[in-house]
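Fold and geometry: a report
This is what each chain is made of:
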Amino acid sequence: KNCHLAISRGSLIVLEGLDRSGKSSQCSRLVSYLQEKGIPVEACRFPDRSTSVGQMISTYLANESELDDRTIHLLFSANRWEKRSLMETKLKNGISLIVDRYSYSGVAFSASKGLNIEWCKAPEEGLIAPDLVIYLEIAPEKAAERDGYGCERYEQLEFQRKVAQNYNLLRDSTWKVIDGCLSLETIESQVREQALECVSVCKKGKPLLN
Ligand code: T5A
Ligand code: NA
């Protein structure tokens, strides 16, 4: 009898969308749900403001410092690179990761300042590729009506319109688009369905990709 002792790997599931589209709310709901189902899972988010790079980013987002557009772009990317090996270890140990923003945010936001999109993509090359990207689609005008909008640097209507256009250019086969204007509960159930399917495909031995 064949004994496969290798642990099946976890899934890398990313939530993306405009500011206030509901990503953080859905990430925490999904993590709780998978935990209840006994699936090993952890949450992470970018920017990760807990590191020294993350603190520079946080200060910039709060408009408390100024940085050159390319410099802040590379800091956002560095903030993902500093978590890369830990993420790989966790995935290989069977832990699924629910990630609040990833490279797509990095490219979509910086490109909206007029930086060349290919230049923006370059430093992201070699990070672990997500198995599933859930994009919460919302009109920029609708997002602007939500609580807390306008507090940080990029939360401006004109800018968010450009970000939405750039996200559109980044869509690939890993993306599932969900209407972000539905109720929290309706979105939650759609997110669950997509996540469970993804976890089961990865478990069956889908390789980890860069
Ligand atoms: N950025 C980020 C870059 O430029 N480059 C990068 O590489 C990265 C990673 C900070 C900024 O950095 C930029 C993008 C951002 O501008 P952040 O820390 O993720 O990114 O920003 P936050 O302010 O934490 O989060 P967001 O503003 O994006 O909000 P979320 O997480 O999308 O939304 P959430 O869940 O907090 O919900 C917002 C409000 O809407 C309500 C919630 O209750 C809440 O009040 N809500 C709903 N209301 C009605 N119906 C629903 N379905 C709702 N879902 C949520
Ligand atoms: Na958030």
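- An unreviewed UniProt entry lists the chain under the name Thymidylate kinase, with Zostera marina as the source organism.
- Of the comments in the UniProt record for the chain, the one headed Sequence similarities (unreviewed entry) reads "Belongs to the thymidylate kinase family."
- Entered under Pathway (unreviewed entry) in the UniProt record, the comment concerning the chain runs "Pyrimidine metabolism; dTTP biosynthesis."

**Description of the overall build of the chain**
- Along its length, the chain carries 8 helices and 5 strands.
- The C-alpha radius of gyration computed for the chain amounts to 17 Å, which stays within 12% of the reference 17 Å derived for 210 residues, consistent with globular compactness.
- Structurally, the chain occupies a C-alpha span of about 60 × 35 × 30 Å along its principal axes.
- Among the 210 residues that make up the chain, the fraction classed as buried is 36%.
- Considering only residue pairs separated by 6 or more positions, the chain has 80% of its internal contacts joining residues 24 or more positions apart.

**Observations regarding the site of ligand 1**
- Around ligand 1, a shell composed of 25 residues is seen, among which G22, S24, S25, G106 and F109 lie nearest.
- A class-by-class count of the residues in the shell around ligand 1 yields 8 nonpolar, 9 polar and 8 charged.

**A look at the packing of helix 1 (residues 23–36) against helix 8 (residues 184–203)**
- Running from amino to carboxyl end, helix 1 crosses helix 8 at an angle of 55°, the nearest separation of the two axes being 10 Å. As judged from the angle between their axes, helix 1 and helix 8 are oblique. Crossing of helix 1 against helix 8: the hand is right-handed. Residues S25, Q26, R29, L30, Y33 and L34 of helix 1 form the contact with helix 8, whose own contacting residues are L184, I187, E188, V191, R192 and A195.
- The residue inventory of the contact of helix 1 with helix 8, partitioned by class, reads 7 nonpolar, 2 polar and 3 charged.

**Examining the sheet that holds strand 3 (residues 96–100)**
- Read from one edge to the other, the open sheet built from 5 strands follows the order 2-3-1-4-5, with strand pairing classed as parallel. Looking along the sheet, the strands with just one partner apiece sit at the ends: strand 2 (41–45) and strand 5 (175–179). Each strand of the sheet is rotated relative to its neighbour by a mean of 20°, with strand direction disregarded.
- Across 5 bridges, the pairing between strand 2 and strand 3 is parallel. Across the sheet, the residue bridging to E42 is L97, located in strand 3.
- Of the strands in this sheet, strand 1 (12–17), strand 2 and strand 3 touch helix 3 (residues 69–92), which is tilted by about 140° from strand 3.

What counts, and at which threshold
- Counting starts from 1 at the beginning of each chain's written sequence and moves along it residue by residue.
- For naming, the first written chain is A and the first written ligand is 1, with later ones following in the order written.
- Given that this is a predicted model, residues contribute local features only at a pLDDT of at least 70 and side-chain atom pairs are listed and counted only at 80 or more, while totals for whole chains, interfaces and linings are drawn from all residues.
- UniProt positions are given in the numbering used here, feature names are shortened, and annotations may be inferred rather than shown by experiment.
- Comment: elements are numbered from the N terminus, with helices defined as DSSP H or I runs of at least four residues and strands as E runs of at least two.
- Two things to know: the radius of gyration comes from C-alpha atoms, and the globule rule equals 2.2 Å times the number of residues to the power 0.38.
- Residue burial here comes from a neighbour count, namely the number of other C-beta atoms, placed from the backbone, that lie within 10 Å of the residue's own C-beta, with 20 or more meaning buried, 12 or fewer meaning exposed, and in between meaning partly exposed.
- Any residue pair is listed as a contact if its two C-beta atoms, each placed from the backbone, are within 7 Å.
- For each residue, a C-beta atom is placed from the backbone, and the residue is labelled near a molecule or strand when this atom is within 6 Å of it.
- Residue polarity follows a fixed list, in which Ala, Val, Leu, Ile, Met, Phe, Trp, Tyr, Cys and Pro are nonpolar, Asp, Glu, Lys and Arg are charged, and the others, Gly among them, are polar.
- Lines are fitted to the C-alpha atoms to define the axes, a helix being fitted only along its stretch in contact, and any angle between axes, read from their N-to-C directions, falls within 0 to 180 degrees.
- When describing relative orientation, an angle under 35 degrees is termed roughly parallel and one over 145 degrees roughly antiparallel, while 65 to 115 degrees is termed roughly perpendicular and anything else oblique.
- Helix crossings are classified by the rotation of the near helix relative to the far one: an anticlockwise turn of less than a right angle makes the crossing left-handed, while a clockwise turn makes it right-handed.
- Note on pairing: DSSP must find at least two bridges between two strands before they are called paired.

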